Amino acid sequence: MAAYLIRRVWQMIPTLLGVVLLVFFLFKYFGSDPSVILGGLNASPEQIESIREQLGLNKPVWEQLYIFIKQIVTFDWGKSWATNELVSNLFATRLPATLTVTVPILILEVVLAIPFALAVATVRGSLTDRAVMICSTVAVSISLLVYVILAQYVFAFRLGWFPVQGWTGNHWTNLTTYAPLPILVAVAVSLAPQIRLYRSFFLDEIGHDYVRTARAKGMTERTVLLKHVLRNAMIPILTNVSVLLPGVLVGSFLIEVFFSIPGLGRELLLAVNRGDYPVLQAFAIYLAALTMTFNLLVDLLYKLVDPRVVLK
């Protein structure tokens, strides 16, 4: 286990280096000129050149790359080009709001989708199964914006159960008052595709010979499903969760904008409009590192779920 862990961490270094180079050159040669954006439409060529000099954009490419790598190693991303706020402080102050919404979404997606999908898989071909599949298909076809508008109108304006917008400095107040409606919307959007996917995983396991053997030995259906089918289906489910994490994080950004949550999502959209490269680059690198770390943790969980898995 230790040797595998060390080897995987060592393999992450060149992968992260490739991401660093990709992010740097994409922003350098394919993005808009931030000095033009910051200078505005009425900026003169002299003013734009002055901004480029202040931001260090007129330095040689190799020197800019060295500064970029140094920022990653030292975790010092400097200041935002648009607001002059420290990027580290920006992440520290906006991340709690994002996690308040993202973590419950990820947990509820998995916790609710697994039992629903398992229940539907056990009644394959029945009226219940067909009704759930039809509802899931319809739900997947509806835009997120429709869910947001409908939820705000019904649960906020008509019923008054939740506030439409708002956020405070108290974590518990945010979690119990302002976050439930955004979380409800996000889970409603993502639950349908997850149920469809997990249902296919369970059906694949139910069709194997070991399930028929377990039933032939007199095991109850509950034991067969929970002890055998669910456990064997956890490998592809864990793989899907590792892929799901970046999507949940990025998807929550739209939720933050629609519900005016002061998290990273709203800040990143503002950074895109401003051409604020330090903020965008920092997020891209952090997201890549988080994704690789989460994938490593999932690989370690494979061994916990199924002892037959050999980590090489």
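Below is a summary of the structure that appears in this document. This is a predicted model, so every value here is computed, not measured.

## Side note on the layout of surface pockets
Empty space among the atoms becomes apparent when a probe as large as a water molecule is rolled across them. Here the second largest pocket is characterised by a volume of approximately 300 Å³. Lining the second largest pocket are 14 residues; nearest its centre among them are Leu 95, Leu 99, Leu 249, Leu 264 and Leu 290. At the level of elements, helix H5 (87-122), helix H11 (221-258) and helix H13 (277-305) are the ones that each hand at least two residues to the lining of the second largest pocket. Here the element with the most residues in the lining of the second largest pocket is H5; it accounts for seven residues. Grouping the amino acids of the lining of the second largest pocket by side-chain chemistry returns 13 nonpolar, one polar and no charged.

## Brief notes about empty space enclosed by the protein
Under the definition given, this model contains one cavity of 30 Å³ or more. Roughly 40 Å³ of internal volume is contained in the largest cavity. Every residue along the wall of the largest cavity is listed here: Pro 163, Val 164, Gln 165, Gly 166, Trp 167, Tyr 178, Pro 182, Phe 259 and Ile 261. Grouping the constituent residues of the lining of the largest cavity by class yields seven nonpolar, two polar and no charged.

## As for the packing of H5 against H13
Direction vectors running N to C along H5 and H13 enclose 60°, while the axes themselves pass 10 Å from each other. The orientation of H5 with respect to H13, classified from their angle, is oblique. Crossing angle aside, the handedness with which H5 passes H13 is right-handed. Taken together, the residues of H13 that come into contact with H5 (itself represented by Val 87, Leu 90 and Phe 91) are Pro 278, Val 279, Ala 282, Phe 283 and Tyr 286. Of the residues in the contact of H5 with H13, the class split is eight nonpolar, no polar and no charged.

## Focus: helix H7 (residues 144-158)
An ideal rise of 1.5 Å per residue puts 21 Å on 15 residues; H7 measures up with 20 Å between its terminal C-alpha atoms. Every buried residue of H7 is accounted for by Leu 144, Tyr 147, Val 148, Ala 151, Gln 152 and Ala 156. Of the residues one or two after H7, Gly 160 is the one with positive phi, at around 70°.

## A closer look at the environment of Gln 194
Residue position: Gln 194 is located in helix H9 (residues 180-206). Residue classification places Gln 194 among the buried positions, given a relative accessible area of 8%. Residues Gln 194 and Leu 290, 96 residues apart in the sequence, show an inter-C-alpha distance of 22 Å. If sequence neighbours within four positions are ignored, Gln 194 has contacts with Glu 109, Ala 113, Asn 240 and Leu 244.

## Digging into the packing of aromatic side chains
Under the definition given, this model contains five aromatic pairs. Pairing Phe 24 with Phe 25 gives two aromatic rings, centres 5.1 Å apart and planes at 80°, and the pair type is edge-to-face. With a centroid separation of 5.4 Å and an interplanar angle of 75°, the aromatic rings of Phe 91 and Tyr 286 are classed as edge-to-face. One end of the pair, Phe 91, is in helix H5; the other, Tyr 286, is in helix H13, with 195 residues separating them in the sequence. Here Phe 91 falls in the buried class, since its relative accessible area comes to 11%.

Procedures and definitions
- Residues numbered from 1 in each chain as written.
- Predicted model: local features only at pLDDT ≥ 70, side-chain atom pairs only at ≥ 80, totals over all residues.
- Heavy atoms only, no water.
- 1 Å grid on protein atoms, 1.4 Å probe; cavity = no way out; pocket = protein on both sides within 12 Å on 5 of 7 lines; lining within 4 Å.
- Points joined across faces, edges and corners; volume = space filled by probe spheres on them.
- Helix = DSSP H or I, 4+ residues; strand = E, 2+ residues; numbered from the N terminus.
- Nonpolar A, V, L, I, M, F, W, Y, C, P; charged D, E, K, R; others polar.
- Axes fitted to C-alpha atoms, helices over the stretch in contact; angles between N-to-C directions.
- Parallel < 35°, antiparallel > 145°, perpendicular 65-115°, else oblique.
- Left-handed = near helix turned anticlockwise from the far one by under 90°.
- Contact = heavy atoms within 4.5 Å.
- Expected span 1.5 Å × (residues − 1).
- Buried < 20%, exposed > 50% of the residue type's maximum accessible area, 1.4 Å probe, protein only.
- Phe/Tyr/Trp six-rings, centres within 6.5 Å; stacked < 30°, edge-to-face > 60°.

Remember, this is a structural readout, not a statement about activity or role.
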